[in-house]
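Below are the chains, spelled out letter by letter.
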Amino acid sequence: MLTSVIRPFTLFVIISCSIFAARSKNLKKTIIYSAAAQTGYIAFLITIKETLGLVFNLLIFDGLNKIAMFTITTILSDNDFNFDFKKIKLIEQSYLTKILIVLALIYSSGFPLTSLFIVKIEIYKIIVEEILWIEFVTIILSSALSIFYHLKICLSFFFISNINGTIKINKINYGLISIIVLQIVSLIFINSLFTISNQLN
């Protein structure tokens, strides 16, 4: 009975926050809405039996993703960065920072062969096994919107003209490097993490 009330609410949170993230005109708000959508994913999984292990993996992988994204906003804030998409400055030189941002966006978007992508595949499997077609369509739409707004962020960072000016980020951020390394390591040891998480079910 409680599940029938909570689950529709979690689906509403997932799709509405994904739409807000896609429509947002501000980078920080986009990241916040994205984090809220992922919270909806976690709440949704809790309503399905034997998904505690999957929740464990989602918390680890998406937690790393969101920490990386918020770290990027902190780095940009230190450089007087305007987070309005129409006023974003082009990042020039700063090649290491560019590479780290691209990797963070790839992992956060759930792009194929990333940790989050593998977790979402497991979510799809469970939904199909439980014959939850409305939930399946909702999460497919949410995933498509996620790719869209991550692409929008990428285009804003690297493929805009310098009409708003440019910024250089010369300082190496070891915190962001550490997070990206952890994301790569999590992918390497993902089978071990799934084995541990399955023991939680």
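Residues numbered from 1 in each chain as written. Predicted model: local features only at pLDDT ≥ 70, side-chain atom pairs only at ≥ 80, totals over all residues. Heavy atoms only, no water.

Engineer: Help me understand the nonpolar core, please; the structure alone is not making it clear to me.
Structural biologist: Buried together is how nonpolar side chains tend to be arranged in soluble globular proteins. L27, L76 and F157 are the most contacted members of the largest nonpolar core, which has 25 residues in total. Taken together, the elements giving at least two residues each to this core come down to helix 2 (27–46), helix 3 (52–77), helix 4 (95–109), helix 6 (133–158) and helix 7 (174–188). For this core, the element with the most residues is helix 3, which contributes five residues. Not counting residues within four places of it along the chain, the set of residues in contact with L76 comprises L27, F81, F83, I91, F157, I167 and I169. (Core = buried A, V, L, I, M, F, W, Y, C linked by side-chain atoms within 4.5 Å. Buried < 20%, exposed > 50% of the residue type's maximum accessible area, 1.4 Å probe, protein only. Helix = DSSP H or I, 4+ residues; strand = E, 2+ residues; numbered from the N terminus. Contact = heavy atoms within 4.5 Å.)

Engineer: Help me understand the side chain of S146, please; the structure alone is not making it clear to me.
Structural biologist: On the secondary structure map, S146 appears in helix 6. Filtering out sequence-adjacent residues up to four positions away, S146 remains in contact with S108 and S109.

Engineer: Please clarify how helix 4 should be interpreted in this entry.
Structural biologist: Note that an α-helix has 3.6 residues per turn; residues three or four places apart therefore point the same way. Compared with an ideal rise of 1.5 Å per residue, which puts 15 residues at 21 Å, helix 4 spans 21 Å between its outermost C-alpha atoms and is within 8% of the ideal. Buried positions along helix 4 lie against helix 3, strand 1 (90–91), helix 5 (115–129), helix 6 and helix 7. Among the residues trailing helix 4, G110 stands out with phi positive, at a value near 75 degrees. (Expected span 1.5 Å × (residues − 1).)

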